[in-house]
Every structure is written in C-alpha cells, then in structure tokens.
Amino acid sequence: MTIAEAFARPRARGSWLDASTLAGKATLAAVTAGMAALVWAVSRISVYHAWLAGLDAVVFLAVLGTGKRSELPPDPVAGRAALLEEVARRMASQLAGKAGKDAEGVRVVPRVRIPHGSPDADELRLLVVPRAPLPGFGGIEIGAAVVPGSGTPVLLPEVLLRVREGSECEQALARICRHARSGRGRKPGERVLAFSPRLPTARMTAAIAVALAVRTGSASKAPQAGVQPPAASSEKPRERGPRQAA
C-alpha cells in the first residue's frame, strides 16, 4: 500500500443532517433563516405565538446538533489516517535535521491489517525500519488506540519496538527499556516494548519513533571512516645473544 492510499480519507456523504459537515451547516443555516422568517411573520399577528414558534425551533437544533459523525467511533483505517500522516510528516522533518548515518535511509512504510475472511482492513500502522538495524531488531510500529472521550472518541498514539530477547539490539536499548511497558511478541523469543508519549500529540510520537530508529541503527557501531587500526610491524625482533663478560 502506498502512502497516498493509506492516508486517503473518503469524503462523507449523506450528512445533511449533521451540523459538523459542510452540508449540515448549510441545512442549519437554511432552517435558521426559515424559522427567523416564520417568527417575524407570526409576530405581526401575535407576539405570544411568535415566542412559541421560536421555542419550537429548538427541535431542529436537537436533530442537527446530536448524533454527529464525529461522535461515532472512528473508522479503523480512515480514522487514524490524519494522526499517522502528521506523525510521518514530522518524522521526515526531524530525520532531515539529524546528522549521521543512523538518520539516513530510515524508511516509514504504512501497513494495514486485513483479518482472514474479511474484505476490509481493521487497523492502520506505520512501520519504521532503519537503514542497517542491529542484530535482533524486529521492527518499530506506530499505531493509535481508540478510547472513549468527553463527547467524542480520542486517539492515543503508541510506539511499539519489537526485539529478540537477549540480542544485541535489546542490550543496546537496556536503558531505554526501563521507560517502556514490556510484553510478549507474536513470535517465540520476541519481546515488545510499548512507548507512550506524555501527551497524545504527533510531535511527541514522532520524536520517540525517531529516537528509537536512530538508536537501533548499526551505523554508529561501525568503525569511523578514515581511521584505520595500526598495522602490524613486519620487522622481526632481533635475537639478543648471551651477554659477554666485561
């Protein structure tokens, strides 16, 4: 799946009764203008009945202002696309500002999961792969969990690091592992480290993913360019004979 396909968000249709959409706003404006004209016309005859007509207009606010699409659980793929697209954009910006081979060649690939027997995907994630990962590296995945919020569901981003237990990659991240939640992975001997940003923002999520991608790269472990180990001397040591008496 390409980045354009993963981050494409379908346009909502048939939402003229939803005040949070463009069609719903147009419907609300038309209803408000019509009720205002009705109240003005009735007030020419009876002010009392004009007040009643104005109060009866509240029913239209209940129809257009409740049951909105934003209050429904987000789509498993399209609902996460906006957040993950922002994370990918900020990762590209942060990696461009970092120097060193570890920051070069880091790939960010969108991945969807399609359950067996289902035509639709049920999850969208970003897969981050360094250019030359350390032995034991399994992958860096960025996803988002949906939790109930005040009036609307909230997306909480999370960064997952998959490593093989006892590998060089796990040992290199021993200090960072203390700040993550550890669990078992999909494969035998795999360990999953879950990192959650302090605030559920794309900037903090991207910073965590970039830090993990740089630390799991093996470019910093390679010998520096231009520095060669000292060559062994080919001159054989002279054999020293027995000391002559003075």
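In short, a report on the structure.

Calculation rules
- Residues numbered from 1 in each chain as written.
- Predicted model: local features only at pLDDT ≥ 70, side-chain atom pairs only at ≥ 80, totals over all residues.
- Heavy atoms only, no water.
- Helix = DSSP H or I, 4+ residues; strand = E, 2+ residues; numbered from the N terminus.
- Contact = heavy atoms within 4.5 Å.
- Core = buried A, V, L, I, M, F, W, Y, C linked by side-chain atoms within 4.5 Å.
- Buried < 20%, exposed > 50% of the residue type's maximum accessible area, 1.4 Å probe, protein only.
- 1 Å grid on protein atoms, 1.4 Å probe; cavity = no way out; pocket = protein on both sides within 12 Å on 5 of 7 lines; lining within 4 Å.
- Points joined across faces, edges and corners; volume = space filled by probe spheres on them.
- Nonpolar A, V, L, I, M, F, W, Y, C, P; charged D, E, K, R; others polar.

Section: the overall build of the chain
Here is step 1: When its secondary structure is counted, the chain shows eight helices and six strands.
Here is step 2: Counting from the amino terminus, the chain carries its helices and strands in the arrangement α-α-α-α-α-β-β-β-β-α-α-β-β-α.
Here is step 3: A sequence separation of at least 24 residues applies to 60% of the contacts in the chain between residues at least 6 apart.

Looking at the nonpolar core
Here is step 1: Core analysis: the largest hydrophobic core is formed by 33 residues, its most contacted members being Val87, Met91, Ile140, Ile142, Leu161 and Phe195.
Here is step 2: Looking at this core, the elements that each hand over two or more residues are helix 5 (78-96), strand 2 (123-129), strand 3 (137-147), strand 4 (154-164), helix 7 (174-177), strand 6 (190-195) and helix 8 (202-215).
Here is step 3: The dominant element in this core, judged by the number of residues it contributes, is helix 5, at seven residues.
Here is step 4: Residue contacts for Ile140: discarding those within four places in its chain leaves Leu126, Leu127, Val128, Val159, Leu160, Leu161, Leu212, Ala213 and Thr216.

Digging into the layout of surface pockets
Here is step 1: For the second largest pocket, the calculated volume is near 440 Å³.
Here is step 2: Taken together, 21 residues form the lining of the second largest pocket, with Arg111, Leu127, Glu141, Arg162 and Arg186 sitting closest to its centre.
Here is step 3: Of all elements in the fold, only strand 1 (107-113), strand 2, strand 3 and strand 4 reach the threshold of two or more residues within the lining of the second largest pocket.
Here is step 4: Counted by class, the lining of the second largest pocket contains seven nonpolar, four polar and ten charged residues.

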